Amino acid sequence: MSKIVRAIDVGFGNTKFVVGHTEQEIKCASFPSLAYTSAKDPATRPAAERRRTVAIPIDGTFYEVGPEVHLAADTFRATQLHDQYVETPEYMALARGAMAYMKLSAIDLLVVGLPVSSFQARKAYLEKAMVGVHDLGGGKTVEVRKAVAVAQPQGALVYYTAAYHKQKSIEHEQSLIIDPGSRTFDWLLSRGMRLVLKVSNSVNRGMSDVLKTIAQEISSDIGRPYSDLPAIDAALRTGKPLMIYQKPYDLAPILPTARAVARRAVSSMMEWITEDYSIQNVILVGGGAFMFKDAVKAAFPNHKIYVVKEPMFANVKGFQIAGDNLLKAQGTAGEARDGQR
């Protein structure tokens, strides 16, 4: 029986995960990275109150996560936007929620990601935390037999290499992977598939900062606090008008201020990237790619910017490919050892 590999990318904005794959396609899904607590299992509520979520039990508390988690929302937005995020029960609830939607009883290798800035400090912790039997609620469990943590943009590099069929040429090229997420703006420089960590890093200037900047401008304009960040995000991504007080609200006058946030993030990165002329591939991924693209292009006027298809899922698709490759390599090595006996 072939071994099962799966991938999860718990971001500050969205939790992305692989639900299945073939040689032609990697099937992904996502839900907001929000977890709401309850002393009782939400699944025991009347059918009319149920929603597309799962309730993950951790230390006597249920954490509700899933695609319709916004229906469980209260006035407090339960985010965990700090560097110790992976050590919180909310992080574990999101990861286990993703595993619940995979509908598996065992995973031979689970690949997960970390921001570049915290990768070295928390890699060992996260790998250890992911291994073992996880309680998914409702009497269901999943056993993770091995886990590997990688830097989030490294997954995008693996995916880019496979999607553009650059497995042979990439070894002789330098690549810059830029990943604007919800909280962090990550970048990673590589020589071939090897990371150059001394010039790779993160700054806390992601899409959440863009959305908060727009919300502040709206608040000033309408004369009261405005905090519906998901509505702003949806309007930016779809081009549909933002509705405030039943009327379309024009975001165009605010966008230059919002784009300034993206420029500051890119400027922080350029303090680290001093030899841009040696970079062959500038790869833009992440959920905030559409908002940061102009700032990245302005910083690299002599480069073509590669924006991969479905940039929000680039990292987790790369995690899946890397995990599959790792198991294949281990299998080949095992066969070679058997042949030498």
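**Things to note about the sheet that holds strand E9 (residues 132-137)**
Phase 1: Taken in spatial order, the three strands make up an open sheet running E7-E10-E9, and their pairing is mixed. Whereas interior strands pair on both sides, the edge strands pair on one side only; in this sheet they are strand E7 (106-107) and E9.
Phase 2: Here two bridges tie E7 to strand E10 (residues 140-144), and the two strands are oriented parallel to one another. Bridged to alanine 106 within E10 is glutamate 143.
Phase 3: In the packing of helix H1 (residues 89-102) onto the sheet, the strands contacted are E7, E9 and E10, and the crossing angle to E9 comes to about 80°.

**What about the packing of aromatic side chains?**
For any two aromatic rings, the description comes down to two numbers: the centre-to-centre distance and the angle of the planes.
Phase 1: The full count for this structure, using the stated rule, is eleven aromatic pairs.
Phase 2: Summarising the aromatic geometry, the rings of tyrosine 164 and tyrosine 306 are spaced 5.6 Å apart at their centres and angled 75° between planes, so their arrangement reads as edge-to-face. With tyrosine 164 in the loop between helix H3 (152-163) and strand E12 (174-180) and tyrosine 306 in strand E19 (residues 305-307), this residue pair connects regions lying 142 residues apart in the sequence.
Phase 3: According to the relative accessible area criterion, tyrosine 306 is buried, its value standing at 19%.
Phase 4: Cluster of aromatic residues (ring-pair linked, three or more members): Phe185, Trp187, Trp272 and Phe292.

**Some words on a positive patch on the surface**
Phase 1: A grouping of Arg205, Arg259, Arg263 and Arg264 is seen on the molecular surface, where their side chains present a positively charged patch.
Phase 2: Its place among the elements puts arginine 259 in helix H6 (residues 255-270).
Phase 3: For arginine 259, a relative accessible area of 34% translates into the label partly exposed.

**Things to note about the pattern of salt bridges**
Phase 1: Across all of its chains, the model carries eleven salt bridges by this definition.
Phase 2: For glutamate 68, the salt bridge identified is with arginine 52, shortest N-O distance 3.6 Å. With glutamate 68 in the loop between strand E6 (61-65) and H1 and arginine 52 in the loop between strand E4 (36-38) and strand E5 (54-58), the pair connects residues that are 16 residues apart, well separated along the chain.
Phase 3: Here lysine 123 ties to glutamate 127 by a salt bridge, and the two come within 2.6 Å at their closest N and O atoms. Of this pair, lysine 123 and glutamate 127 both sit in helix H2 (residues 119-130), four residues apart, which is roughly one turn of the helix.
Phase 4: On the accessibility criterion, lysine 123 (27% relative accessible area) is partly exposed.
Phase 5: Classification of glutamate 127 as buried rests on a relative accessible area of 18%.
Phase 6: A single network of salt bridges, built from pairs that share partners, joins Asp108, Glu143 and Arg145.

**A word on the sheet that holds strand E2 (residues 14-21)**
Phase 1: Strand order in the open sheet formed by five strands is E3-E2-E1-E8-E11, and the pairing between neighbours is mixed. Lying at the two open borders of the sheet, with one neighbouring strand each, are strand E3 (26-32) and strand E11 (147-151). When the angles between neighbouring strand axes are averaged without regard to direction, this sheet yields 20°.
Phase 2: As judged from the four bridges shared by strand E1 (residues 5-10) and strand E8 (residues 109-114), these two strands associate in the parallel manner. Its bridge partner lying in E8, alanine 7 is registered against valine 111.

**Remarks on the packing of H1 against H2**
Phase 1: Between H1 and H2, whose axes approach to 12 Å, the crossing angle comes to 55°. In terms of orientation, H1 and H2 fall into the oblique class. Our pair here, H1 against H2, has a crossing hand that is right-handed. Across from Tyr91, Met92 and Ala95 in H1, the residues of H2 making contact are Leu126, Ala129 and Met130.

**Looking at the nonpolar core**
In globular proteins that are soluble, nonpolar side chains generally tend to be buried together.
Phase 1: Counting residues in hydrophobic clusters, the biggest one holds 62 residues, and the most contacted among them are Ile8, Val65, Tyr91, Met99, Leu110, Leu126 and Met130.
Phase 2: The greatest single-element share of this core, amounting to nine residues, is contributed by H1.

**Let's talk about unusual backbone geometry**
Phase 1: Positive phi, normally seen in glycine, also occurs at aspartate 59, with a value near 50°.
Phase 2: Within the secondary structure, aspartate 59 is located in the loop between E5 and E6.

**Let's talk about the confidence of the model for the chain**
Phase 1: Residues at a pLDDT of 70 or more form 92% of the chain, whose mean pLDDT is 89.
Phase 2: Long-range and interchain partners of residues 333-341, a stretch whose pLDDT sits below 50, account for zero contacts in this model, where long-range means more than four residues apart.

**Re the pairing of E8**
Phase 1: Taking burial as the measure, the six residues of E8 include six buried ones, the bulk of the element.
Phase 2: Where burial is concerned, the two faces of E8 agree: the one with Leu109, Val111 and Gly113 and the one with Leu110, Val112 and Leu114 are both buried.
Phase 3: Where E8 and E11 come together, five bridges link them in parallel fashion. From the neighbouring strand, valine 111 faces E11, where its bridge partner is valine 148.

The rules behind the values
- Residues numbered from 1 in each chain as written.
- Predicted model: local features only at pLDDT ≥ 70, side-chain atom pairs only at ≥ 80, totals over all residues.
- Heavy atoms only, no water.
- Pairing = 2+ DSSP bridges.
- Helix = DSSP H or I, 4+ residues; strand = E, 2+ residues; numbered from the N terminus.
- Contact = heavy atoms within 4.5 Å.
- Axes fitted to C-alpha atoms, helices over the stretch in contact; angles between N-to-C directions.
- Phe/Tyr/Trp six-rings, centres within 6.5 Å; stacked < 30°, edge-to-face > 60°.
- Buried < 20%, exposed > 50% of the residue type's maximum accessible area, 1.4 Å probe, protein only.
- Patch = residues over 30% accessible without salt bridge, like charges linked within 9 Å, V, L, I, M, F, W, Y side chains within 5 Å.
- Areas by Shrake-Rupley, 256 points an atom, 1.4 Å probe, with all protein chains shown as cover.
- Salt bridge = Lys/Arg side-chain N within 4 Å of Asp/Glu carboxyl O.
- Lys, Arg positive; Asp, Glu negative; His and termini not counted.
- Charge placed at Lys NZ, Arg CZ, Asp CG, Glu CD.
- Parallel < 35°, antiparallel > 145°, perpendicular 65-115°, else oblique.
- Left-handed = near helix turned anticlockwise from the far one by under 90°.
- Core = buried A, V, L, I, M, F, W, Y, C linked by side-chain atoms within 4.5 Å.
- pLDDT = per-residue confidence, 0-100.

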